[in-house]
Amino acid sequence: MVLVAPSLLSANAADLGNEVKLLEKAHADLLHFDVMDGHFVPNMTYGPLILRSLKNLTQLPFDVHLMVNNPENFIPWFIDAGADILTFHLEATNNPNLLIEQIQGSGLKAGVSLRPGTDINKLKKLNKNPDLVLVMGVEPGFGGQPFREDTPSRIIKTKSIFANSEVLIEVDGGINPNTARQCIEAGADILVAGTAIFKNRKYGNNIRMIRGG
Ligand code: DX5
Ligand code: ZN
């Protein structure tokens, strides 16, 4: 069964504590935090303080998506703030293998992500397997964008690069019940969704629809 990670980028930012509790009740599997620095992407969101303030409100794992330049500068902060999965962008660092080691060495799961325009074969330069690859269905930076048609083929390509390994495929951006089905058929293990979950207050129903239930 595919896991669903609501992206808090689309949640009510003025009431995140309550939103987190509602998502747990709605059977979300993880919470996806989109950390943006205004440089790697033309948007800015939140830092470790928000994670730390939410951590003791829920048992759900914190799935942190770093859309930042020089992620090496931020990783210790988010490890300390309670991240469970820490994903950085391959385009943002020259030392992906080192970062994977650092994250896994701290007991977290390491994720690697690629902008939609980056060749999936770039993943072959990794000599350490991440725990997951975050395949972007949209250009990173904003929620509510249309799903890119080439996403399922990028999922399939990613799966073939890490065939016979435990590497999970997480898909992020433009996920709704229809695109979720395409991603699941292509081999996705985890789906991130913002707009499709927060479009109304029926979080449980919206999550079920994405899971395919
Ligand atoms: C975009 C973020 C995504 C986004 C998903 O940069 O990484 O997590 O919030 O939002 P929707 O589901 O609305 O595309
Ligand atoms: Zn994200």
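Up top you'll find the structure we're talking about.
What follows concerns the overall build of the protein chain. Looking only at helices and strands, the protein chain has eight helices and eight strands in total. For the protein chain, the C-alpha radius of gyration of 16 Å lies close to 17 Å, the compact-globule estimate for 213 residues. Counting only residues that meet the buried cut, the protein chain has 52% of its 213 residues in that class. Pairs at least 24 residues apart make up 65% of the contacts formed inside the protein chain by residues separated by at least 6 positions. Across the protein chain, the 20 positively charged side chains and the 22 negatively charged ones have centroids separated by 4 Å.

Taken together, 20 residues surround ligand 1, and among them G141, D172, G174, G194 and T195 come closest. At 2.9 Å from an oxygen atom of ligand 1 is found a side-chain nitrogen or oxygen belonging to S7. In this structure, an oxygen atom belonging to ligand 1 sits 2.7 Å away from a main-chain N or O atom of G194. Bound to the protein, ligand 1 loses 99% of the 380 Å² it would expose on its own. Those elements giving two or more residues to the shell around ligand 1 turn out to be β2 (31–36), β3 (62–67) and β8 (190–193). The greatest single-element share of the shell around ligand 1, amounting to three residues, is contributed by β2. Considered class by class, the residues forming the shell around ligand 1 number eight nonpolar, ten polar and two charged.

With that out of the way, let us pick up the pattern of salt bridges. Once their charged atoms are close, side chains differing in charge can pair, the charge on each being opposite to the other. Counted under the stated rule, the structure contains six salt bridges. As a salt-bridge pair, R211 and D29 come within 2.6 Å of each other at their nearest N and O atoms. Placement of R211 in helix α8 (residues 203–211) and of D29 in the loop between α1 (16–25) and β2 is noted, with a sequence separation of 182 residues between them. Taking the relative accessible area as the measure of exposure, D29 reaches 23% and is therefore partly exposed.

Strand β7 (residues 168–172) sits mainly inside the fold: four of its five residues count as buried. Here strand β6 (residues 132–136) runs beside β7; their pairing, made up of five bridges, is parallel. Residue pairing for β7: L134 is matched across the bridge by E170. Handedness of the β6-helix α5 (residues 151–161)-β7 crossover: right-handed. In this fold, β7 hands off to helix α6 (residues 177–186), which returns the chain to β8; that crossover is right-handed.

Each value, and the rule that gives it
Residues numbered from 1 in each chain as written. Chains lettered and ligands numbered in written order. Predicted model: local features only at pLDDT ≥ 70, side-chain atom pairs only at ≥ 80, totals over all residues. Heavy atoms only, no water. Helix = DSSP H or I, 4+ residues; strand = E, 2+ residues; numbered from the N terminus. Rg over C-alpha atoms; globule rule 2.2 N^0.38 Å. Buried < 20%, exposed > 50% of the residue type's maximum accessible area, 1.4 Å probe, protein only. Contact = heavy atoms within 4.5 Å. Lys, Arg positive; Asp, Glu negative; His and termini not counted. Charge placed at Lys NZ, Arg CZ, Asp CG, Glu CD. Near = heavy atom within 4 Å. Polar contact = N/O pair within 3.5 Å; in protein donor to acceptor, adjacent residues only side chain to side chain. Areas by Shrake-Rupley, 256 points an atom, 1.4 Å probe, with all protein chains shown as cover. Nonpolar A, V, L, I, M, F, W, Y, C, P; charged D, E, K, R; others polar. Salt bridge = Lys/Arg side-chain N within 4 Å of Asp/Glu carboxyl O. Pairing = 2+ DSSP bridges. Right-handed = clockwise from strand over helix to strand, strands pointing away.

In short, geometric facts, not functional conclusions.
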